[in-house]
Structure formats: C-alpha cells, structure tokens
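These are the residues of each chain, in order.
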Amino acid sequence: MKITESAVAFPCYEATLRGTLYLPERQLGVPLPAVALGHGWGMVAGGDLEDYARAIAARGIACLTFDYRRLGRSDGFPRQEIDPAWQQEDYRAAITYLCSRSEVDADRIGIWGSSYSGGHVLVIAATDARVRCVVSQVPTISGYESGLRKTHPNNLRALQEFFAEDRLARLRGEPPRTMKEVGLEGESNVAYPGAESYDYMMGQASRCPEWRNEVTVRSLEMARAYEPGQWISRIGPKPLLMIVADDDRQTPTDLQLDAFNRAREPKELVLIRGGHYAVYTTHFEQTSTAAADWFEKHL
C-alpha cells in the first residue's frame, strides 16, 4: 500500500506543534480512520515512533506522530520541560488536527501511547468523547508508587530539597534547573539512571537529531505526582488494548496488571517477555502488529 508522509504543523494554545502525517491510499471520497501517536518520557518524534505509525498506516489507517510542546521540533518554553497535563492537551490538539483533515473520518479516531504517554492515553480515552479506541503500551500507572521504588528512603529528603531549591531559583528569576535525562550508574543528577534507559535512549538519539539528553528538574517532580491509572476504570466501553512487559522496572509490571484488572470491557492484554524497552526492540514486531490489529478491528 502506498503511504504518503508529510511534515505538518498545527496549533496548541500559543504554540505550534510539529509532526508527520501518514496518509495511506484510499478510495476517492472515502475518509480514513486515524490514530494519533505520541512518545514517552522525554523522547521526540522520529525513530521507533515512526516505525509504529508506519505499521498501523499499512492497514489503511491515517497516522499522526508529533512532538510535544517544549520538546523536539515543536514550540514552547521552557525547553526540555515535561508536564503531563500539557502533554495531554497536545494529544487533544493532535486529535483536533486529525478531525480537521478532509481525508479523515472524525468518528473513527484512535490513540496510541507508550510508557509516559501510555499513561496520557488512559486519561484521554476516559475523558475525550472523540476517541473511539486506545492502545496503551507499558504505561505509567502511578508516578508516586513508581517513584517510591526508584528512590531509597534515605534519599527522599534530599530529593524534596532538590525540588524546593529549583522552585526558589525560578522565583528569583533564574532559568529552570536541568539534569541529564539518562546516565550510567554512579552519575549524579540523572532522571533515569542505569544502562537499560541509557542504552535505549542513546540508541534512539541516532535516529532523532532533535533529542537532547536534558530535562528540567521540575519535570521529575511532576512525574512523581502523576496518577493516570486512576482513570482506567472510566475508559470502557471504549476498547482498550494494554501491552505489558513481564519484567518492567521503569513502569512496574504489577501496577500495570492491577490497573488492567480495574479496566472495564472490552479490553485485551498482551504480555511480553522482558523489560520496559523490550516492547520497542526485541518484541517490536509483536507489539506493532498487536496495535495495528486492534485499530483495524475497532476503528
């Protein structure tokens, strides 16, 4: 199937978001179903996000990938700040843009998210009537619970002081303080330390020239208060597919499975072997096919 890829731009409040629109061949005058796809924590469009979009577009479904405000090719300041509420609004702007396209059937819109954005799409599916079905892959369920597991109790006070110092600095008019997004064990001021995250994100950097290994301190503070799993019981009767890794230490497996059990029908679970990033690497063929199947069935 011939698929046309076009660079696009669309507004979200005062900012312009930029991404890529994938349009498969279609019968003249027959609008296409469509899916909006956003990446996870700190990542930008390009790389495997486009691979997922192409796999779904090959089923005759229009796809839109995009950079969130403050990241990649999109507008917005402060740069490298990850605000989950703002990113949800960026998803809504992407849906609005799809609905505005004459090639798209506005009554057949799906959303796909993974990791941090896997949490975003749970909230949006529960609250946006325009969404018909959703795929949530290795999603963030509870920033609070995940944060407790990643931080030793002896370090919690120092972390809170770190956040408070950044807020005081902003009040004084100083630029937002930043830290590395990924780094190896032993490095200081790293949001996601360890080889697992480092290897994946640095590998994606070769395909995503706009990606920067930097994130604001406030981004980490907001992440630890983010609770998208609270919305999962409100998604049904919209069809929900969750793709979960059985040894996920970034967005813990047990939190994902507990959330899936709270979701209402219709729903389906795909459980793959491996850690958080295995969905993009070892099991890309399985996870992309499962997502494409879901959208083809329910859109």
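Here's a quick rundown of the structure. Nothing here was measured: the structure is a model prediction, and the numbers come from that model.

## Focus: the sheet that holds strand S7 (residues 178-183)
With mixed pairing, three strands are arranged side by side in an open sheet as S8-S7-S9. The sheet is open, and its two borders are formed by strand S8 (190-193) and strand S9 (215-216), each paired with just one other strand. By the bridge criterion, two bridges tie S7 to S9 in an arrangement that is antiparallel. Across the sheet, the residue bridging to threonine 178 is threonine 216, located in S9. Against the sheet, helix H6 (residues 195-205) contacts S7 and S8, and its axis sits at roughly 95° relative to S7.

## Observations regarding helix H3 (residues 116-127)
A rise of 1.5 Å per residue sets the reference length of H3, with its 12 residues, at 16 Å; its end C-alpha atoms lie 17 Å apart and thus fit the reference within 8%. Of all 12 residues in H3, 10 are buried, a share of seventy percent or more. Those residues of H3 not exposed but buried are Tyr116, Ser117, Gly118, Gly119, His120, Val121, Leu122, Val123, Ile124 and Ala125. Contacts made by the buried residues of H3 are with strand S3 (32-38), helix H2 (84-100), strand S5 (104-114), strand S6 (131-137), helix H7 (217-223) and strand S10 (240-245).

## Some thoughts on helix H5 (residues 156-171)
With 16 residues, H5 should cover 22 Å at 1.5 Å per step; its first-to-last C-alpha distance of 23 Å lies within 8% of that length. Taken residue by residue, H5 has Leu159, Phe163, Asp166 and Ala169 as its buried positions. Looking straight down H5, one finds its buried side chains confined to an arc of 125°; they lie on one side. Looking at H5, the residues exposed on the side facing more than 90 degrees away from the buried face are Arg157 and Leu171. In this structure, the buried side of H5 is in contact with H7. Immediately downstream of H5, the backbone of glycine 173 shows phi near 90°, a positive value.

## Some points on the sheet that holds S10
The eight strands are arranged S1-S2-S4-S3-S5-S6-S10-S11 in an open sheet whose pairing can be described as mixed. Edge positions in the sheet fall to strand S1 (3-12) and strand S11 (267-272), since each of these pairs with one other strand and no more. The sheet shows a mean angle of 20° between the axes of neighbouring strands, taken without regard to direction. Those strands touched by H3 are S3, S5, S6 and S10, and its axis lies near 140° from that of S5. Helix-sheet contacts for helix H8 (residues 253-262) involve S10 and S11, and the interaxial angle to S10 is about 160°.

## A word on the pairing of S10
Most of S10 is tucked away, with six of its six residues classed as buried. Where burial is concerned, the two faces of S10 agree: the one with Leu240, Met242 and Val244 and the one with Leu241, Ile243 and Ala245 are both buried. Inspection of the sheet shows S6 paired to S10 by four bridges, in the parallel sense. By the bridge assignment for S10, glutamine 137 is matched with isoleucine 243. In this structure, S10 lies alongside S11, joined through six bridges in parallel fashion. For isoleucine 243, the partnering residue across the bridge sits in S11 and is valine 270.

## Section: the pattern of salt bridges
Summed over all chains, the structure comprises 26 salt bridges. For arginine 69, the salt bridge goes to aspartate 90, with nearest N and O atoms at 2.6 Å. With arginine 69 in the loop between strand S4 (62-66) and H2 and aspartate 90 in helix H2, this pair connects stretches of sequence that are 21 residues apart. Considered together, arginine 69 and aspartate 90 belong to a single accessibility category, that of buried residues. A salt bridge links aspartate 254 to arginine 149; its shortest N-O distance comes to 2.8 Å. Taken as a pair, aspartate 254 in helix H8 and arginine 149 in helix H4 (residues 143-150) lie far apart in primary sequence, 105 residues in all. Take arginine 149: its relative accessible area is 48%, and that puts it in the partly exposed class. One network of salt bridges, with partners in common, ties together Arg70, Glu81, Asp166, Arg170 and Arg218.

## Here's the deal with the pairing of S6
Most of S6 sits inside the fold, with six of its seven residues counted as buried. Following the backbone out of S5, through H3 and into the adjacent parallel S6, one traces a crossover that is right-handed.

## What about unusual backbone geometry?
Here the residue pair phenylalanine 77 and proline 78 is connected by a cis peptide bond, since its omega of -5° sits within 30 degrees of zero. Within the fold, proline 78 resides in the loop between S4 and H2. The residue after glutamate 265, namely proline 266, is reached through a cis peptide bond having omega 0°. With respect to the helices and strands, the residue proline 266 is situated in the loop between H8 and S11. One non-glycine residue, arginine 70, adopts positive backbone phi at about 80°. Its location among the elements puts arginine 70 in the loop between S4 and H2. Residue arginine 70 is classed as buried on the basis of its relative accessible area, which comes to 7%. In the Ramachandran plot, valine 138 falls in the positive-phi region, its phi being about 35° despite a non-glycine side chain. For valine 138, the position within the fold is in the loop between S6 and H4. Classification of valine 138 by relative accessible area gives buried; the value is 0%.

Rules and cut-offs
- Residues numbered from 1 in each chain as written.
- Predicted model: local features only at pLDDT ≥ 70, side-chain atom pairs only at ≥ 80, totals over all residues.
- Heavy atoms only, no water.
- Pairing = 2+ DSSP bridges.
- Helix = DSSP H or I, 4+ residues; strand = E, 2+ residues; numbered from the N terminus.
- Contact = heavy atoms within 4.5 Å.
- Axes fitted to C-alpha atoms, helices over the stretch in contact; angles between N-to-C directions.
- Expected span 1.5 Å × (residues − 1).
- Buried < 20%, exposed > 50% of the residue type's maximum accessible area, 1.4 Å probe, protein only.
- Arc of directions from axis to C-beta.
- Salt bridge = Lys/Arg side-chain N within 4 Å of Asp/Glu carboxyl O.
- Right-handed = clockwise from strand over helix to strand, strands pointing away.

The analysis is restricted to geometry; functional conclusions fall outside its scope.
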